[in-house]
Amino acid sequence: MNLPSFLWLWKIAAWSMGLTIVCYLTLGLSGTFLFKIRKDKTPPKKWLRPFHRSIGILMVTLILLLLSIGLIGTIGHYGSLGHSWHLVAGLVIVCLALISAWSSTNIHPTKPWARLLHVRVNIALFFSLLLVGLTGWSVVQKYLGGAEKLL
Ligand code: HEM
Ligand code: HEM
């Protein structure tokens, strides 16, 4: 696979990652509002819960999209996987995102563990976003370095 046709895939990855981070911040904010409403026992805003859930589904979808771009791009280029720590970071973030979504479907007054798990996994998600972003960025530099040498 030649380099210019390969780079556009990583541009999509970078944009999807930007959108994923926006989703995460929006979820953090709307989640904090959900928490406050529960604590203050104020009547819940009707739209807030479906909004939080929809953005959550969008974020999980984007992360799965990034996973498939990563796998397809890497196999297309090398014919194999496992060329950097980015693979581990990528698999960790996919697991955390799925656990977060699964735990959220269990949130209920009779299941206090689900809410706790949801919040803790989402804190871990912050660090794994950082890790996958940094390791992804460093492998992109590898390709950009190659492109400069070609010119
Ligand atoms: C993976 C996608 C996500 C889905 C599907 C999702 C869904 C949910 C659902 C259904 C609730 C329960 C709302 C309720 O009935 O009280 C909830 C609560 C909450 N979520 Fe999420 N969420 C997601 C991601 C996130 C993320 C990334 C964060 C933080 C950055 C977050 C923070 C919170 C917080 C703080 C609460 C309130 C917990 C409480 O009341 O103590 N969520 N979420
Ligand atoms: C949730 C976010 C992401 C996930 C789940 C993910 C997942 C993956 C996976 C599983 C691979 C295969 C790695 C291997 O087998 O060595 C990969 C490769 C790659 N990803 Fe990501 N990725 C994410 C974000 C990013 C970001 C933000 C960038 C940078 C813009 C990026 C750039 C790359 C590049 C350049 C490769 C090729 C690997 C190499 O040359 O060693 N990824 N990704």
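Residues numbered from 1 in each chain as written. Chains lettered and ligands numbered in written order. Predicted model: local features only at pLDDT ≥ 70, side-chain atom pairs only at ≥ 80, totals over all residues. Heavy atoms only, no water.

Considerations on the overall build of the protein chain
(1) Moving on: When you go through the protein chain residue by residue, the secondary structure sums to four helices and zero strands.
(2) Moving on: The dimensions of the protein chain, computed from C-alpha atoms along their principal axes, are 60 × 25 × 20 Å.
(3) Moving on: Per-residue burial over the protein chain gives 32% buried out of 151 residues.
(4) Moving on: Accessible surface for the protein chain amounts to roughly 10100 Å². Of this, 75% is attributable to carbon and sulfur atoms. (Helix = DSSP H or I, 4+ residues; strand = E, 2+ residues; numbered from the N terminus. Buried < 20%, exposed > 50% of the residue type's maximum accessible area, 1.4 Å probe, protein only. Areas by Shrake-Rupley, 256 points an atom, 1.4 Å probe, with all protein chains shown as cover.)

Considering a nonpolar patch on the surface
(1) Moving on: On the surface, V119, I123, F126, F127, L130 and L134 cluster together into a nonpolar patch covering about 610 Å² of accessible area.
(2) Moving on: Considering the arrangement of structural elements, one finds F126 in helix α4 (residues 112–150).
(3) Moving on: Residue classification places F126 among the partly exposed residues on the basis of a relative accessible area of 39%. (Patch = residues over 30% accessible without salt bridge, like charges linked within 9 Å, V, L, I, M, F, W, Y side chains within 5 Å. Salt bridge = Lys/Arg side-chain N within 4 Å of Asp/Glu carboxyl O.)

Comments concerning the coordination of the iron atom of ligand 1
Metal coordination angles in their ideal form are 109.5 degrees for the four-donor tetrahedron and 90 or 180 degrees for the six-donor octahedron.
(1) Moving on: At 2.0 to 2.1 Å from the iron atom of ligand 1 lie its protein donor atoms, namely H52 (NE2) and H118 (NE2).
(2) Moving on: Between the six donor atoms coordinating the iron atom of ligand 1, the angles at the centre fall across 88 to 179°, so the site counts as octahedral. Of this pair, H52 sits in helix α2 (residues 48–78) while H118 sits in helix α4, and the two are 66 residues apart along the sequence. (Donors = N, O, S within 2.8 Å, 3.2 Å for Na, K, Ca; no water. Tetrahedral: all angles 85-135°; square planar, octahedral: opposite > 155°, others 65-115°.)

Some thoughts on the site of ligand 2
(1) Moving on: For ligand 2, the set of nearby residues contains 25 residues, the closest of which are T74, G82, H83, H86 and Y143.
(2) Moving on: In the environment of ligand 2, an oxygen atom lies 2.6 Å from a nitrogen or oxygen atom belonging to the backbone of G82.
(3) Moving on: H83 places a polar main-chain atom, nitrogen or oxygen, 2.7 Å from an oxygen atom of ligand 2.
(4) Moving on: If you list the elements that add at least two residues to the shell around ligand 2, you get α1 (3–40), α2, α3 (86–105) and α4.
(5) Moving on: Among the elements that make up the shell around ligand 2, the one with the highest residue count is α2 (seven residues). (Near = heavy atom within 4 Å. Polar contact = N/O pair within 3.5 Å; in protein donor to acceptor, adjacent residues only side chain to side chain.)

Overview of the site of ligand 1
(1) Moving on: Taken together, 19 residues are adjacent to ligand 1, and R38, R49, H52, R115 and H118 come closest.
(2) Moving on: Between ligand 1 and H52, the relevant distance is 2.8 Å, taken from a nitrogen atom to a side-chain nitrogen or oxygen of the residue.
(3) Moving on: A distance of 3.1 Å is found between an oxygen atom of ligand 1 and a side-chain nitrogen or oxygen belonging to R115.
(4) Moving on: For the shell around ligand 1, the secondary-structure elements that each account for two or more residues are α1, α2, α3 and α4.
(5) Moving on: If one sorts the elements of the shell around ligand 1 by residue count, α1 sits on top with seven residues.
(6) Moving on: Split by residue class, the shell around ligand 1 holds seven nonpolar, eight polar and four charged. (Nonpolar A, V, L, I, M, F, W, Y, C, P; charged D, E, K, R; others polar.)

A word on the confidence of the model for the protein chain
(1) Moving on: Put simply, the protein chain has an average pLDDT of 90, and 91% of its residues get 70 or more.
(2) Moving on: Within the protein chain, α4 has the poorest average pLDDT of any element, 87, and α3 the best, 98. (pLDDT = per-residue confidence, 0-100.)

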